[in-house]
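Observations on the model geometry
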Amino acid sequence: MYHYARKGPKRGVSLYSYSAEFGLTKNLEECFEDVHDMGAHGIEILANTHIENYPYPPAEWVDKWFALLEKYELEPIEYGHWVDSHVLKFRELTTEESAEMLCRDIRLAHRLGFKIMRTKMPVISASLDPVENWRDIIKSALPLAERLGMIMCPEIHNPTNLKSEMVQNYVDFIKETGTKSFGLNIDFSVFRTEFSEGEWRDPGFVPNVPEDIIPLLPYVPCCHAKYFNVDDSFQETTIPYKKILSILIENNWDGYLLSEYEGADKYDQDYEVGQTLRRQHIMMKNILGY
Amino acid sequence: MEKQVIQSVGFRNIFDEQGAPVGFQLKIRLPYYRGVYLSQIMQGNLVVDGQVYKKEQVIWRINGEDYTAEEMASDWNTHWHPLEPATLIVKKDGGLSQGFHDVEYGFCCSHSYFPPELEAAADPTKPELIFFPEFGHNINRRRMLIV
């Protein structure tokens, strides 16, 4: 399997960015080639979207998956998935049922060569708190994850603050269990300082300063390199990228920055998200030097 | 696969062994960016030329298997992939007549990562409260031809 040997922050792309095009105007190979064009070497997939016949892909598809990774010099970095314990309208799944769903994804992520999972748990409040039994669900899956060298990561995303109780609860859980199989994916939306006029902004959102990520870095195997506006001189005007990436480098952080574009304009006619991704990758390449 | 949720390919009458039309079918794609389990799907009404077919009258065919609305409500193992349109099958003696038909279908999905109040407000028989392009519209319409 292809391996990109560089240490430090590395460029990658979440294929979620292609949500308006995938299956209509682009197939998996075309997404891979687009990422390859950018000189990026890591990818994130969404299991329920990008895996044929999920959660039971045919063996031929898995063979093709590895062939495409090799061909386009890509590493499978993050496996996006959901613990859908609210999947039934009349009752919540039991901890055992949720853990079973989670373990099935851990096995599939491992089969596809991933080491990191973006584990999304159902939320129970407007401030995005996870289900109350999240610790029990994760604990049930830890032995399998540890055996396979997998790390499950909730994503920390605007409006959540890096200094919030939710994040502290996750960190406490890691310390209490001593596990290396649970961590955090920090989405750079938490650092967003600028909003366009009239744009919706969560009233509870307080942006973090880049330094706030430092104490969390031991638990962060990858980040969502969120961006909103990269201008024609290839500057991100809403997130202090230069400062964030400098902090990652100074702290010897080693991992992937996975671009994730969420702008609703990607659904506009003839929009090619690859062109927006390229802007952002020029920006990151200019800062990183590679 | 076509961009519109209601696919023009797959719209036709269905026939019994003697060749008599006994109903019709059409295909829809999932406009959501990720696949869902069948229990996450909330079905509204299928309306053809003003005639309403309730969810109990519509069979969903996914990966070659047929499911009633009741079966779907408790099925959290069968997954509907966004690249595999589902076929909707309706019994109707004589099928649909030759010519144009105005087809409207309402459905939406639960998300699990939305705040509960937003989830509870979802109603597949009505337009969505807030439109997000990555979830698509609840109600989709298309005018199509039966030969």
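What comes next concerns the included structure. Since this is a predicted model, take the numbers as computed values, not measurements.

**As for the overall build of chain A**
A count of helices and strands for chain A gives 8 helices and 9 strands. Taking 290 residues into account, the globule formula puts the C-alpha radius of gyration at 19 Å, and chain A, at 18 Å, falls close to it. Based on the C-alpha atoms only, the size of chain A along its principal axes is roughly 50 × 45 × 40 Å. Looking at the 290 residues of chain A, the share that counts as buried comes to 60%.

**Here's the deal with the side chain of B:D75**
Here B:D75 is to be found in the loop between α1 (69–73) and β8 (79–80). With sequence-adjacent residues up to four places away left out, B:D75 is seen in contact with B:Y37, B:L38, B:S39 and B:Y67.

**Notes on the environment of B:V58**
All names here are of chain B. If you trace the backbone, V58 turns up in strand β6 (residues 58–62). Look at V58 and you get buried, because its relative accessible area is 3%. C-alpha separation for the pair V58 and V147, spaced 89 residues apart in sequence, amounts to 22 Å. Once residues lying within four places of it in the same chain are set aside, the contact partners of V58 are L46, Y53, Y67, L88, I89 and V90.

**Re the nonpolar core**
Within the largest apolar cluster, 98 residues are counted, with the highest numbers of intra-cluster contacts made by A:I186 and A:F188. The element contributing the most residues to this core is helix α5 (residues 134–148) of chain A, with 8 residues. Sequence-distant contacts of A:F188, defined by excluding residues within four places in its chain, comprise A:C223, A:H224, A:A225, A:K226, A:I239, A:Y241, A:I244, A:L245, A:L248 and A:L257. If you look at the next biggest cluster of nonpolar residues, it comprises 37 residues, including A:W82, B:Y53, B:W80 and B:Y113.

**Observations concerning the interface of chain A and chain B**
By a widespread convention, an interface's size corresponds to the accessible area lost as its parts come together. On the side of chain B, 31 residues touch chain A, which itself brings 35 residues to the contact. When the two sides are added together, the surface that chain A and chain B hide from each other amounts to roughly 2700 Å², 59% of it contributed by carbon and sulfur. When the buried area of chain A at its contact with chain B is split by residue, A:L24, A:K89 and A:Y267 rank highest and sum to 20% of it. On the surface where chain A and chain B come into contact, there are 1 salt bridge. Across the pair B:R34 and A:D84 runs a salt bridge whose closest N-O atoms are separated by 3.0 Å. On inspection of chain A and its partner chain B, the count reaches 10 residue pairs in polar contact (both at pLDDT 80 or more). Put simply, the parts of the chain that give the side of chain A that touches chain B at least two residues each are α2 (47–50) and α4 (95–111) of chain A. Here the side of chain A that touches chain B is composed, by residue class, of 20 nonpolar, 9 polar and 6 charged.

**Some points on a nonpolar patch on the surface**
There is a patch of nonpolar side chains on the surface, built from B:L118, B:L129, B:I130 and B:F132 and spanning about 380 Å² of accessible area. Inspection of the secondary structure assignment puts B:L129 in the loop between α2 (116–120) and β11 (139–146).

**Overview of the packing of aromatic side chains**
This structure, assessed with the given rule, holds 26 aromatic pairs over all chains. The interplanar angle of 70° and the centroid separation of 6.1 Å between the aromatic rings of A:F195 and A:F205 together place this pair among those described as edge-to-face. Here the residue A:F195 occupies a position in the loop between β7 (185–187) and β8 (222–226), and A:F205 occupies one in the loop between β7 and β8, the gap between them amounting to 10 residues. We classify A:F195 as partly exposed; its relative accessible area is 22%. A:F205 sits in the buried class, given a relative accessible area of 4%. Seen from their ring centres, B:W60 and B:W80 are 5.1 Å apart, and the 90° between their planes marks the pair as edge-to-face. With B:W60 in strand β6 and B:W80 in strand β8, the pair connects residues that are 20 residues apart, well separated along the chain. The two residues B:W60 and B:W80 agree in class, both being buried. In textbook terms, an aromatic cluster arises when at least three aromatic residues are bridged by ring pairs, as seen for A:Y16, A:W82, B:Y32, B:Y33, B:F132 and B:F135. We note A:R192 situated over the ring of A:F228; from NZ or CZ to the ring centre the distance is 3.9 Å.

Scoring rules and cut-offs
Residues numbered from 1 in each chain as written. Chains lettered and ligands numbered in written order. Predicted model: local features only at pLDDT ≥ 70, side-chain atom pairs only at ≥ 80, totals over all residues. Heavy atoms only, no water. Helix = DSSP H or I, 4+ residues; strand = E, 2+ residues; numbered from the N terminus. Rg over C-alpha atoms; globule rule 2.2 N^0.38 Å. Buried < 20%, exposed > 50% of the residue type's maximum accessible area, 1.4 Å probe, protein only. Contact = heavy atoms within 4.5 Å. Core = buried A, V, L, I, M, F, W, Y, C linked by side-chain atoms within 4.5 Å. Buried area = accessible area lost by both parts, 1.4 Å probe. Salt bridge = Lys/Arg side-chain N within 4 Å of Asp/Glu carboxyl O. Polar contact = N/O pair within 3.5 Å; in protein donor to acceptor, adjacent residues only side chain to side chain. Nonpolar A, V, L, I, M, F, W, Y, C, P; charged D, E, K, R; others polar. Patch = residues over 30% accessible without salt bridge, like charges linked within 9 Å, V, L, I, M, F, W, Y side chains within 5 Å. Areas by Shrake-Rupley, 256 points an atom, 1.4 Å probe, with all protein chains shown as cover. Phe/Tyr/Trp six-rings, centres within 6.5 Å; stacked < 30°, edge-to-face > 60°. Lys NZ or Arg CZ within 6 Å of the ring centre and 35° of its normal.

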